[in-house]
Each structure stands twice: as structure tokens, then as C-alpha cells.
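Residue-level structure breakdown
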Amino acid sequence: MIRRTPVTRAVTVALALATIVSVSGCSNDPLAEAYRDGTTENYISGNGVYEEIAPAERGAAVDFEGVSDTGEPIASNDYAGDVYVVNFWYAGCPPCRAEAPDLEALAQEYADGGVSFLGVNVYDQADTARAFARTYSLSYPSIVDANDVRVQLAFASTVAPNAVPTTLVMDREGRVAARYSGQIEKSILAAMIDRVLGES
């Protein structure tokens, strides 16, 4: 059974469709400055809807691979057997900036419990993603997915992220166990993580 919060309107645009943009590599990417300037253009914001999926109703494991903003390969196999959190974001998205400190705080809080965090940047090139990580002191890696959208498409086939930001909690079998659409509420995401950690 899927538990949902009440919503006033449905969010119907899938992230995989909303963010498939051809972005040319550029060391002077304008989005490196855009997030500092507080732009609100070119993003679809979620409305705080979250859902948790009962273990028996979860889909197949999500298989993905990509390259981080520092050039390191990252794949779903790296997280095999672990609970982990995936956050879809980009630098020009105001709610992404607003939630970054809370995501980092949770990453630190759950590190000793073996929970990893992973960002998936859906729009920017690596230099912008690295600038964002430095600004917000993010300790976890981010895949740069703007050019080939492989990671977004891998998740879209199971539980499509439907807004930027979207945050997913993955279970030990690599399946989507919970989804938070829009800027996270720290305590709610923590509770989601705790429930998945508590599964046998």
C-alpha cells in the first residue's frame, strides 16, 4: 500500500521529460552564477508530497550508472545491500539550494549507520555541480546526468521523479521505497530513512 500526504493538485510532469535538455559543456556555465543570484526560471517545483511504498509493492531494483562531477564512475552496484538516498537537483533550482544544508546534515547523521547519499544533477555541467557542492559543503557525490539522462531514465521506468528536487529512499534490494517530491522536510525524510533501515 502506498501512503500519500493530501495534495491540492497533482504534479503531472515527469522529471525525465521536464529536464531532458541538451546542454553543451562550458567552463563558463551561466548556471554557476544563477544559483547565487536566486533565479526561479526553468524548474518545476514539487509541492511537498511524499509517499512510502510497502515492501511487497515495490518494483524491480533500479540499475543505473553514471559519472560524478569529479569524473568518478558511480553505479547502483556500488550501493548493493545498503539503504541509500538519491536526490535529483540542479544549481539554478531555489528549493534545491534551500534543502542542501538539510541533506548534508542528514548525510552526516546517517553516515555511521551505513546510509549513503547520492546526488543526480539533471541540468548542469560538472564545473557548476562542483561549485554548488563547495558552496554548500556537500560531502556526498553527484552524478552529472544532463547530457545523456541515463540515470533519470533508469528511475523513470520504475518510479519517475516528478519534480526538481525529488528525493528517493532506496531499500537494501535497490528498489525505491519512498519518494519526496519538492523541498524536503528534514524530519520527514529522516523518518522515511529510519523505516527503511528498520526493515529486515
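Anyway, here's the lowdown on the structure attached to this text. Quick caveat, the model's predicted, so the values are computed rather than measured.

Its location among the elements puts S68 in the loop between β3 (65-67) and β4 (73-75). Its relative accessible area of 6% is what places S68 among the buried residues. One polar contact links S68 to T70, side chain to side chain, over a distance of 2.9 Å. When near neighbours in sequence (up to four residues on either side) are disregarded, S68 contacts I74, S142, I143 and V144.

Okay, helix α3 (residues 94-111) next. Because the α-helix completes a turn every 3.6 residues, residues three or four places apart line up on one side. Helix length check: α3, at 18 residues, gives a terminal C-alpha distance of 26 Å against a target of 26 Å (1.5 Å per residue), a fit within 8%. The largest bend in α3 is about 40°, located at A100, with the proline P101 one to four residues further on. Among the residues of α3, those classed as buried are P94, P95, C96, R97, E99, A100, L103, E104, L106, A107 and Y110.

This part covers the packing of aromatic side chains. Aromatic rings in a pair are described by how distant their centres are and how their planes are angled relative to each other. By the definition in use, this model includes 8 aromatic pairs. When the ring of Y79 is compared with that of Y84, the centres are 4.4 Å apart and the planes differ by 20°; the resulting orientation is stacked. For Y84, a relative accessible area of 2% puts it in the buried group. Consider the rings of Y90 and Y123, whose centres lie 5.2 Å apart with planes at 40°: the pair is tilted. One end of the pair, Y90, is in the loop between β5 (84-89) and α3; the other, Y123, is in the loop between β6 (116-121) and α4 (126-135), with 33 residues separating them in the sequence. Y123 sits in the partly exposed class, given a relative accessible area of 22%. Ring pairs connect the aromatic residues F64, F88 and F155, which therefore count as one cluster.

Side chains that differ in sign of charge can pair as their charged atoms come close. For the structure on display, the rule yields 8 salt bridges. Notably, a salt bridge pairs R58 with D171, separated by 2.9 Å at the nearest N-O pair. Placement of the pair is R58 in the loop between β2 (49-53) and β3 and D171 in the loop between β8 (166-170) and β9 (176-181), with a sequence separation of 113 residues. Accessibility classification places R58 together with D171 in one group, the buried group.

To continue, consider the packing of α3 against helix α6 (residues 186-197). Between α3 and α6, the shortest axis-to-axis distance is 10 Å and the interhelical angle comes to 30°. Relative to α6, the element α3 lies roughly parallel. Where α3 crosses over α6, the handedness of that crossing is right-handed. Side by side, α3 and α6 meet where D102, L103, A105, L106, E109 and Y110 of the first sit next to K186, L189, A190, I193, D194 and L197 of the second. Residue composition of the contact of α3 with α6, grouped by class: 8 nonpolar, no polar and 4 charged.

This part takes up unusual backbone geometry. In the Ramachandran plot, S137 falls in the positive-phi region, its phi being about 50° despite a non-glycine side chain. Relative to the assigned elements, S137 resides in the loop between α4 and β7 (142-144). On the basis of relative accessibility, which here comes to 51%, the residue S137 falls in the exposed class. Despite not being glycine, V149 shows a phi value in the positive range, around 45°. For V149, the location among the structural elements is in the loop between β7 and α5 (150-156). With relative accessibility at 7%, the residue V149 sits in the buried group.

Analysis parameters
The numbering scheme is per chain: residues are counted from 1 as the chain's sequence reads. Selection of residues for local features in this predicted model requires a pLDDT of at least 70, selection of side-chain atom pairs for listing and counting requires 80 or more, and totals for whole chains, interfaces and linings are taken over all residues. No hydrogens and no water enter the side-chain calculation; it runs on all heavy atoms of the structure. Runs of E in the DSSP output that reach at least two residues are strands. Runs of H or I that reach at least four are helices, and both are numbered from the N terminus. We call a residue buried when its accessible area falls under 20% of the maximum for its residue type, exposed when it is over 50%, and partly exposed in between, using a 1.4 Å probe and counting protein chains only. In protein, a polar contact requires one atom able to donate a hydrogen and another able to accept it; more generally it is a pair of N or O atoms within 3.5 Å, and residues adjacent in sequence count only if both atoms are side-chain atoms. By definition, residues are in contact when any of their heavy atoms lie within 4.5 Å. How far a helix is expected to stretch is found by multiplying one less than its residue total by 1.5 Å. Here the bend at each residue means the angle between axes fitted to two seven-residue stretches, the one ending at that residue and the one beginning there. By convention, a stacked pair of Phe, Tyr or Trp rings (six-membered ring in the case of Trp) has centres within 6.5 Å and planes under 30 degrees apart, an edge-to-face pair has planes over 60 apart, and any other such pair is tilted. Just to be clear on terms, a salt bridge is a Lys or Arg side-chain nitrogen sitting within 4 Å of an Asp or Glu carboxyl oxygen. All axes here are fitted lines through C-alpha atoms, helices being fitted over the stretch that makes contact, and every angle between N-to-C directions spans 0 to 180 degrees. Each angle gets one of four labels, with under 35 degrees taken as roughly parallel, over 145 as roughly antiparallel, 65 to 115 as roughly perpendicular, and the rest as oblique. Two helices that cross are described as forming a left-handed crossing if the nearer one is turned anticlockwise from the farther one by less than a right angle, and a right-handed crossing if clockwise. Charged means Asp, Glu, Lys or Arg here, nonpolar means Ala, Val, Leu, Ile, Met, Phe, Trp, Tyr, Cys or Pro, and polar covers whatever is left, Gly included.

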